[in-house]
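# Structural description and commentary
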2 protein chains.
Amino acid sequence: MLSKKTKYGIKALTYLAKQENKTPVQIATISKSENISLKFLESILLTLRKNGVLGSKKGKGGGYYLLKDPSEIQMTSIMRILEGPISMVPCVSLNFYEKCDDCPDENACAVHNLMLEVRDSTLQIFRNTSLADLCKC
Amino acid sequence: MLSKKTKYGIKALTYLAKQENKTPVQIATISKSENISLKFLESILLTLRKNGVLGSKKGKGGGYYLLKDPSEIQMTSIMRILEGPISMVPCVSLNFYEKCDDCPDENACAVHNLMLEVRDSTLQIFRNTSLADLCKC
DNA sequence: ATTTTACCCTACTTAATTAATAGGGTATGC
DNA sequence: GCATACCCTATTAATTAAGTAGGGTAAAAT
């Protein structure tokens, strides 16, 4: 299941991407528009800022803004920052690999090979989808 | 993330599918072979039996066995029984649909549409993969 | 008939994670 | 210098995952 953190994060990002100009948007504005708890959203946007997706400005007229063009923000990076691994099992993860305790041979493991297929197809979607693509809905 | 329940369940099913004859296999045998906690595996196999995937026989010489041919057991049904929804958000689920609290219009929701794509591609893999296919590894 | 085998079932527990909430601190602009 | 709006840490309630405990029951072997 996708966490609310990721869901809210993506919604906030599309909100920012839809802005005409690049002036900062306040957390409270996004919070109200997207029905997201203000404090929870605050921590999510902070995470995105720390990972180089967003910039921020303090004080009056401050807020958050995208650091790159929406077309250059891939869903793979957003998912990895907010949700963590894209694969369903650590043993097929590219960025968060971990060996299974119970499994002596990965290549002979049915679960491994099935989840490898799932990861590949999911990854392909995330790689081919940018924030700009999401805004077309 | 895939739960251990599902992972162990799939491993146990492939173990049963690989049997030459259709004589029942004891829980303890699978438990040892696949490095799965006996009691945990017991509850998993019970779930699979209650959902019509496995049959069981009590007493000496008893155990669990597949009710259908491995080629007729789709991964979609196994995933739904053990893991639950295949989609990452309830609002794109075919079998476990739920409306989002925060979202006024699903069709305009970026997360919804992205996860719809992911669900479709994942579903296609699970539909095209049978237990027999898993055993080919 | 009795014993052994092996599944059947309920309840409990521990740890981790999620989704917040609380409560201040700090930089910025007017 | 004061209001604004982000920055940061800590705490918490609820849920789920992953087992663990302990006994019950049906079937087969003796």
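Residues numbered from 1 in each chain as written. Chains lettered and ligands numbered in written order. Predicted model: local features only at pLDDT ≥ 70, side-chain atom pairs only at ≥ 80, totals over all residues. Heavy atoms only, no water.

If you check an unreviewed UniProt entry, chain A appears there as Rrf2 family transcriptional regulator from Polaribacter aestuariivivens.

What follows is about helix α1 (residues 4-17) of chain A. Residues and elements named next belong to chain A. A rise of 1.5 Å per residue sets the reference length of α1, with its 14 residues, at 20 Å; its end C-alpha atoms lie 20 Å apart and thus fit the reference within 8%. Counted residue by residue, α1 has 12 buried out of 14 residues, so it is predominantly covered. Buried residues of α1: Thr6, Lys7, Tyr8, Gly9, Ile10, Lys11, Ala12, Leu13, Thr14, Tyr15, Leu16 and Ala17, and no others. (Helix = DSSP H or I, 4+ residues; strand = E, 2+ residues; numbered from the N terminus. Expected span 1.5 Å × (residues − 1). Buried < 20%, exposed > 50% of the residue type's maximum accessible area, 1.4 Å probe, protein only.)

Bringing the protein's contact with DNA strand C into the picture now. Close to DNA strand C lie 26 residues, the nearest being A:Lys39, B:Gln26, B:Glu42, B:Ser56 and B:Tyr64. Among atoms of DNA strand C positioned within 4 Å of the protein, sugar and phosphate together represent 74%. Separating a phosphate oxygen of DNA strand C from a side-chain N or O atom of B:Ser56 is a distance of 2.6 Å. Contributions of two or more residues to the surface near DNA strand C are made by α1 and α3 (38-50) of chain A together with α3 (38-50), β1 (54-57) and β2 (63-66) of chain B. Examining the composition of the surface near DNA strand C, we find that five residues originate from one element, α3(B), more than from any other. (Near = heavy atom within 4 Å. Polar contact = N/O pair within 3.5 Å; in protein donor to acceptor, adjacent residues only side chain to side chain.)

Okay, the pattern of salt bridges next. Counted under the stated rule, the structure contains 10 salt bridges over all chains. Measuring nitrogen to oxygen at the nearest pair gives 2.7 Å for the salt bridge that ties A:Lys11 to B:Asp102. Here B:Asp102 lies in the loop between α4 (75-82) and α5 (110-127) and A:Lys11 lies in helix α1, a pairing that spans two chains. B:Asp102 shares its class with A:Lys11; the two are buried. Where salt bridges share partners, they join A:Lys7, A:Lys11 and B:Asp102 into one cluster. (Salt bridge = Lys/Arg side-chain N within 4 Å of Asp/Glu carboxyl O.)

With that settled, the discussion passes to the protein's contact with DNA strand D. Neighbouring DNA strand D are 27 residues, the closest being A:Gln26, A:Glu42, A:Ser56, A:Tyr64 and B:Lys39. Of what DNA strand D places within 4 Å of the protein, 76% of the atoms are sugar or phosphate. Interatomic distance of 3.4 Å between a backbone N/O atom of A:Gly59 and a sugar or linking oxygen of DNA strand D. Taking B:Lys58, its side chain carries an N or O atom lying 3.0 Å from a sugar or linking oxygen of DNA strand D. Secondary-structure elements contributing two or more residues to the surface near DNA strand D are α3, β1 (54-57) and β2 (63-66) of chain A together with α1 (4-17) and α3 of chain B. Among the elements that make up the surface near DNA strand D, the one with the highest residue count is α3(A) (five residues).

On to α4(B), then. For α4(B), the full list of buried residues reads B:Met75, B:Thr76, B:Ile78, B:Met79 and B:Leu82. Taken down its axis, α4(B) places every buried residue within 165° of arc, on the same side. Lining the buried residues of α4(B) we find α5 (110-127) of chain A together with α1, α3, α5 and α6 (131-134) of chain B. Backbone geometry just after α4(B) places B:Gly84 at a positive phi near 100°. (Arc of directions from axis to C-beta. Contact = heavy atoms within 4.5 Å.)

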